[in-house]
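Below, each chain spelled out in residue letters.
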Amino acid sequence: MSLLQVSDLRITFESGFGTVDAVRGVSFSMEMGDAIAVVGASGSGKTVMGRSLLGLVDAPGIVRGSIMFNGTEIVGRSEKAMQDIRGLGIGMVFQDALDGLNPVYTIGSQLSEIFAVRMRMSTKAARAEAIRIMEQVGIHNAKDRFDNYPHQFSGGMRQRICIAMAIGMKPKILIADEPTTALDVTVQAGILRLIKSLQAETGMGLIFVTHDLAVARMISKRIIVMYAGQIVEEGLTEEIFQRPRHPYTRALLMAHPGRVKSWRDLEPIPEAFVTDSSSGGGGSASAPQVVISQ
Ligand SMILES: Nc1ncnc2c1ncn2[C@@H]1O[C@H](COP(=O)(O)OP(=O)(O)OP(=O)(O)O)[C@@H](O)[C@H]1O
Ligand SMILES: [Mg+2]
């Protein structure tokens, strides 16, 4: 039995103007420790597919087919049943960190609420766990920053906090939907490294949605290429880069001349792992940098 088995997934949106077939018969499976990048042009169905794994396709969307997570069917489950799967089983990080954070509560209270309410820890234990996980995702002085509000953090730091919230409950699968698109390239490299190292530590499966093939190459072992709601190519990341079979994949690769060719080409100076250039505080002498070799 696979950790995740998606079979003939179909997602449609009905409207007065007709039907949009956003996902048209997608099938794939993944195991613990897999790192899959889902690439494809805008509108190819990546986000809708990712959200369906969490039961987050809202009306007028209709989901058909099967999504088996750890032996449990997700398609057709009630919202209440899905709440247990979200977080504990499958966590998600969105493109814009502000989507995942509530502006009127402190970061510490939002994080510790997860542990107190969802994992039934005491207030004291939840606070300690929140601080531990803030440190784990690279927030310095986590104890002092516990009482800060989201707007007091940079975009990259907010995204780290969203990652902390998603992995806090130790999900078996993390879905990251373009989590670095809104960030500058220096911060982006740090977040990608963070996600990779958390995955190595926890053994969780990773589904990473991106339109950027260079990012896909860095983060994944396998790539799924989507085009107009269908998987047009799937395979080991390096094989797809060496021998793209589908004309669309070739076109995607051609559209990235001279881009980063491997993970090693992106070499952050160590501080980039744990700090953002835009985080305001700290102000170390050697600002984090990313060297992209040609
Ligand atoms: N709520 C909705 N109502 C109607 N159509 C929708 C809705 N959400 C998504 N769609 C349609 O589903 C299709 C797939 O959209 P989706 O957002 O999954 O694409 P994507 O691959 O994530 O694109 P991008 O790279 O721009 O994020 C698009 O045609 C989109 O217009
Ligand atoms: Mg999208």
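Please refer to the structure placed before this passage.
A few points on the structure. (Residues numbered from 1 in each chain as written. Chains lettered and ligands numbered in written order. Predicted model: local features only at pLDDT ≥ 70, side-chain atom pairs only at ≥ 80, totals over all residues. Heavy atoms only, no water.)

## What about the pattern of salt bridges?
Rules: What makes a salt bridge here is a side-chain nitrogen of Lys or Arg within 4 Å of a carboxyl oxygen of Asp or Glu, nothing more.
Per the stated rule, a full pass over the model turns up 6 salt bridges. A single network of salt bridges, built from pairs that share partners, joins Asp34, Arg222 and Glu234.

## Here's the deal with the pairing of strand β1 (residues 4-15)
Convention followed: In this scheme, strands are said to pair when DSSP sees at least two bridges between them. Here a strand is any run of E in DSSP of at least two residues, a helix any run of H or I of at least four, and the numbering for each starts at the N terminus.
Alignment of β1 against strand β2 (residues 18-30), held across 10 bridges, turns out to be antiparallel. Residue pairing for β2: Ile11 is matched across the bridge by Val23. Adjacent in sequence and paired antiparallel, β1 and β2 are bridged by 2 residues. Across 8 bridges, the pairing between β1 and strand β4 (residues 61-69) is antiparallel. Across the sheet, Phe13 pairs through a bridge with Gly61, a residue of β4.

## Remarks on helix α5 (residues 123-136)
Rules: Working rule for helices: expected span equals 1.5 Å times residues minus one. Burial status follows relative accessibility: with a 1.4 Å probe on protein chains alone, a residue under 20% of its type maximum counts as buried, one over 50% as exposed, and anything between as partly exposed. Between two residues, a contact is recorded if the distance between any of their heavy atoms is within 4.5 Å.
Taking 1.5 Å per residue as the helical rise, α5 with its 14 residues ought to reach 20 Å, and the 20 Å between its terminal C-alpha atoms agrees with that figure. Of all the residues in α5, the buried ones are Ala126, Glu129, Ala130, Ile131, Ile133 and Met134. For α5, the secondary structure elements touched by its buried residues are α4 (107-118), α6 (142-145) and α7 (155-168). Once α5 ends, the next one or two residues include Gly138, with phi positive near 90°.

## Some points on the site of ligand 1
Our working rule: Neighbouring residues are identified by heavy atoms, a residue being near a molecule or strand if any of them is within 4 Å of it. Any pair of N or O atoms that falls within 3.5 Å is considered a polar contact. Within protein, one atom must be able to donate a hydrogen and the other to accept it, and sequence-neighbouring residues count only if both atoms are side-chain atoms. To measure how exposed things are, a 1.4 Å probe is used in the Shrake-Rupley method; for residues, cover is taken only from the protein chains shown. Charged means Asp, Glu, Lys or Arg here, nonpolar means Ala, Val, Leu, Ile, Met, Phe, Trp, Tyr, Cys or Pro, and polar covers whatever is left, Gly included.
What surrounds ligand 1 is the set Phe13, Val20, Ala22, Ala41, Ser42, Gly43, Ser44, Gly45, Lys46, Thr47, Val48 and Glu178. Gly43 is positioned such that a nitrogen or oxygen atom in its backbone is 2.8 Å from an oxygen atom of ligand 1. At a separation of 3.0 Å, an oxygen atom of ligand 1 approaches a polar backbone atom of Gly45. Surface burial for ligand 1 is 61%, taken as the share of its 640 Å² of free accessible area covered by protein chains. Contributing elements (two or more residues each) for the shell around ligand 1: β2 and α1 (46-52). Split into classes, the residues belonging to the shell around ligand 1 amount to 5 nonpolar, 5 polar and 2 charged.

## Quick word on the packing of aromatic side chains
The description of an aromatic ring pair uses the distance of the two centres, along with the angle that the planes make with each other. For clarity, the threshold we go by: Between 30 and 60 degrees the pair is tilted, below 30 it is stacked and above 60 it is edge-to-face, where a pair is any two Phe, Tyr or Trp rings, Trp via its six-membered ring, whose centres lie within 6.5 Å. Consider the ring centre and the ring normal. A charge sits over the ring if Lys NZ or Arg CZ is within 6 Å of that centre and within 35 degrees of that normal.
Using the criterion set out here, one finds 1 aromatic pair in the structure. Each ring, one from Tyr227 and one from Tyr248, has its centre 4.6 Å from the other, and the planes form 45°; the classification is tilted. Taken as a pair, Tyr227 in strand β9 (residues 222-227) and Tyr248 in helix α11 (residues 247-254) lie far apart in primary sequence, 21 residues in all. Over the aromatic face of Phe146 sits the side chain of Arg127, whose NZ or CZ is 4.1 Å from the ring centroid. Sitting over the face of the ring of Phe153, Arg145 holds its NZ or CZ atom 4.1 Å from the ring centroid.

## Thoughts on the sheet that holds β2
What the 4 strands build is an open sheet, ordered β2-β1-β4-β5; its pairing is antiparallel. Unpaired on one side and paired on the other, β2 and β5 (72-73) mark the two borders of the sheet.

## A few points about α11
The test is simple: To be clear, the arc concerns the directions from the helix axis to the C-beta atoms.
Buried within α11 are the following residues: Tyr248, Thr249 and Leu252. Projected down its long axis, α11 carries its buried residues within an arc of 100°, all on one side. Facing away from the buried surface of α11 by more than 90 degrees, the exposed residues are Pro247 and Met254. Looking at the buried residues of α11, the elements they touch are β3 (35-40), α9 (213-219), β9, β10 (230-236) and α10 (237-242).

## Brief notes about the sheet that holds strand β6 (residues 90-93)
Threshold: A fitted line through C-alpha atoms serves as each axis, taken over the contacting stretch for helices, and the angle formed by two N-to-C directions is quoted from 0 to 180°.
Spatially, β6-β7-β8-β3-β9-β10 is the arrangement adopted by the 6 strands of the open sheet, whose pairing is mixed. Across the chains shown, the open sheet's two edge strands, defined by having one partner strand only, are β6 and β10. Taken pair by pair, the neighbouring strands of this sheet meet at an average axis angle of 15°, ignoring direction. In this structure, β3 lies alongside strand β8 (residues 205-210), joined through 5 bridges in parallel fashion. Note that in β8 the partner of Val39 across the bridge is Thr210. Contacts between α7 and the sheet are confined to β6 and β7 (173-177), with β6 contributing the most and set at about 170° to the helix.

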